[in-house]
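Inside the fold
Now for the letters of each chain:
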Amino acid sequence: MTASTDLQARKAAAVSRGVATRNIYAVRAENAELWDAEGKRYIDFAVGIAVNNTGHRHPKVMAAVAEQAQAFTHTCFHVAPYESYIALAERLNAITPGDFAKKTMLVSSGAEAVENAIKMARAYTGRSGVIAFTGAFHGRTLMGMALTGKVNPYKKNFGAMPAEVVHAPFPNAFHGISEAEAIRTLEGMFASTVDPERIAAMIIEPVQGEGGFNIAPAGFLRRLREICDQYGIVLIADEVQAGMARTGKMYGFEHSGVVPDVITMAKGLAGGFPLSAVTGKAEIVDAPHAGGVGGTYGGNPIAVAASHAVLDVIKEEGLCARADEIGEKIRARLNAMAERQGMECIGDVRGLGAMNAFELVKDRESRAPDAELTSAVVAEAEARGLILLSCGTRYNVIRLLPPLTIPMDQLDEALDIIEASVEAAVQKSA
């Protein structure tokens, strides 16, 4: 029995079946590389699902964490607050879009940030309804599940969802849903399904993560901003996966020029340490009564120290520009692959910055999803030493999330593996 199979057996016996995992048991990681229990080396194109944008164990992040650990690791901000939390709130208030007074609260996970943003919107507006979008992912908590626009595995078997959450269509030209059609349907919902004056918030990802890396058109986001202004609805940008330089800008919404009222962020915010934030208009973030939001571990000082270092690294190493450079190289390679004979399975290539994906189909005319081929490509890549993730409501999209600090020779190596993996999977399926 190998070390990995032993760990797999122990996991099956001791860990909840609902916690799905791959069979790569990590023992060490550095920047874009990860080594498993057998000593096998991988290039990591998942980085903890867009968490380690600054790479595994960035030296500045590790130094900041070590320094903070010498002072204190936890006091609970509610009990004995500390300057670093306040300073991080000040930094986030300054770098988020919008020329208005802002405030921030810190929590631990993306789902927590989303939940608290909804609470703030409800307290501010005195309303309770929320509009989310098909294909969305906003977390696995009860409200997160309700907001999420994908049933399996996130809602299946978990019973009734919270009331007054409705889903509008997310535009997707590849799947035949135009921007104009999505807006018409949303406006029709106000006449037939939900009273817009009962809606507290509208929440949307600028680039859908789990939904398939679908990019929200700028015109669509501009129209949502107009609708929210018309009806007094709080517009929430879920930047949990798209934020922190991943798309070539600090926040994905910046590509559209649209300014949301509230932004939720997590994942890349703290370089591998659990931290999330809600930043937005001061009057909205201040709407809950004292004690109405927060949590024991929210704004943990170790994670806060890591986040300060991450923000420094993004600026000092020019990671927004680096994300664009990485993304251009990835999309050029994928588009060249798609143009080759025998690669008709690549139906679409899309992305912003270093948040890219390709969608696999049975044929380009029907655009029927090929989930089996997608799983095969991921498995082939893993066997060759590259960690990939799939996504999409039809389970046929492969997302590429290299760290923004990846050396270019490793990026080239990974793209070679992707090409070889697609070729091998296609040949085996023929």
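In short, a report on the structure. What you see is a predicted model, and the numbers here were worked out from it, not measured in a lab.

With that settled, the discussion passes to the overall build of the chain. The helix and strand inventory of the chain stands at 13 helices and 15 strands. Here the C-alpha radius of gyration of the chain, 21 Å, is about what a compact globule of 430 residues would show, namely 22 Å. By principal-axis analysis of the C-alpha atoms, the chain measures approximately 60 × 60 × 45 Å. Expressed as a percentage of the 430 residues in the chain, the buried residues total 54%. When the 42 positive and 50 negative side-chain charges of the chain are each reduced to one mean point, those points stand 3 Å apart.

Here we take up the sheet that holds strand S6 (residues 165–168). Spatially, seven strands are ordered S4-S10-S9-S8-S7-S5-S6 in an open sheet, and the strand pairing comes out mixed. Either end of the sheet is taken by a strand with one partner, and the two such strands are strand S4 (102–107) and S6. Adjacent strand axes in the sheet meet at a mean angle of 20 degrees when their direction is disregarded. Pairing between S4 and strand S10 (residues 276–281): six bridges, direction antiparallel. The residue bridging Thr-104 from the neighbouring strand is Thr-279, located in S10. Running over the sheet, helix H7 (residues 179–192) touches strand S5 (129–133), S6 and strand S7 (199–204) and is turned about 145 degrees from S6. Against the sheet, helix H8 (residues 218–231) engages S5, S7 and strand S8 (234–238), with an angle of about 170 degrees to S7.

Under the definition given, this model contains 28 salt bridges. Residue Glu-380 pairs with Arg-384 through a salt bridge whose shortest N-O separation is 2.5 Å. A relative accessible area of 11% places Glu-380 in the buried class. Via salt bridges that share partners, Arg-333, Arg-340, Asp-416, Glu-419 and Glu-423 belong to a single interconnected network.

This part takes up the pairing of S7. Most of S7 is tucked away, with six of its six residues classed as buried. Relative to S7, S5 is paired through three bridges, and the arrangement is parallel. Bridge pairing in S7 links Gly-129 to Ile-199. Sheet topology places S7 next to S8; four bridges connect them, and they run parallel. Residue pairing for S8: Ala-201 is matched across the bridge by Val-234. In terms of handedness, the path from S7 via H8 over to S8 forms a crossover that is right-handed.

Compared with an ideal rise of 1.5 Å per residue, which puts 21 residues at 30 Å, helix H11 (residues 319–339) spans 30 Å between its outermost C-alpha atoms and is within 8% of the ideal. Among the residues of H11, Leu-319, Arg-322, Ala-323, Ile-326, Gly-327, Ile-330, Arg-331, Leu-334, Met-337 and Ala-338 are the ones counted as buried. End-on, the buried residues of H11 take up no more than an arc of 160 degrees, which puts them together on one face. For H11, exposure combined with an orientation more than 90 degrees from the buried face picks out Ala-321, Glu-328 and Glu-339.

Here we have four strands laid out as an open sheet, ordered S11-S12-S15-S14, and antiparallel in their pairing. The sheet is open, and its two borders are formed by strand S11 (346–352) and strand S14 (389–391), each paired with just one other strand. Each strand of the sheet is rotated relative to its neighbour by a mean of 25 degrees, with strand direction disregarded. As judged from the six bridges shared by S11 and strand S12 (residues 355–360), these two strands associate in the antiparallel manner. Counterpart to Arg-350 in the pairing with S12 is Ala-357. This element, H11, spans S11, S12 and strand S15 (397–400) of the sheet and lies at about 170 degrees to S11. Packed on one face of the sheet, helix H12 (residues 371–383) meets S12, S14 and S15 and runs near 35 degrees to S15.

This part is about the packing of helix H4 (residues 83–95) against helix H10 (residues 301–316). Following both chains from N to C, one finds H4 and H10 inclined at 35 degrees, their axes separated by 9 Å at the closest point. Crossing hand, H4 versus H10: left-handed. Contact residues: Ser-84, Tyr-85, Ala-87, Leu-88, Arg-91, Leu-92 and Ile-95 in H4; Val-304, Ser-307, His-308, Leu-311 and Asp-312 in H10. Of the residues in the contact of H4 with H10, the class split is seven nonpolar, three polar and two charged.

One pass over the full model with this rule turns up eight aromatic pairs. Note on Phe-133 and Phe-220: the rings are 5.9 Å apart at their centroids and 75 degrees apart in plane angle, and the pair reads as edge-to-face. Taken together, the residues Phe-133 in strand S5 and Phe-220 in helix H8 connect sequence positions 87 residues apart. Among the residues examined, Phe-133 registers a relative accessible area of 1% and is labelled buried. Residue Phe-220 is classed as buried on the basis of its relative accessible area of 0%.

Rules used in this analysis
Residues numbered from 1 in each chain as written. Predicted model: local features only at pLDDT ≥ 70, side-chain atom pairs only at ≥ 80, totals over all residues. Heavy atoms only, no water. Helix = DSSP H or I, 4+ residues; strand = E, 2+ residues; numbered from the N terminus. Rg over C-alpha atoms; globule rule 2.2 N^0.38 Å. Buried < 20%, exposed > 50% of the residue type's maximum accessible area, 1.4 Å probe, protein only. Lys, Arg positive; Asp, Glu negative; His and termini not counted. Charge placed at Lys NZ, Arg CZ, Asp CG, Glu CD. Pairing = 2+ DSSP bridges. Axes fitted to C-alpha atoms, helices over the stretch in contact; angles between N-to-C directions. Contact = heavy atoms within 4.5 Å. Salt bridge = Lys/Arg side-chain N within 4 Å of Asp/Glu carboxyl O. Right-handed = clockwise from strand over helix to strand, strands pointing away. Expected span 1.5 Å × (residues − 1). Arc of directions from axis to C-beta. Left-handed = near helix turned anticlockwise from the far one by under 90°. Nonpolar A, V, L, I, M, F, W, Y, C, P; charged D, E, K, R; others polar. Phe/Tyr/Trp six-rings, centres within 6.5 Å; stacked < 30°, edge-to-face > 60°.

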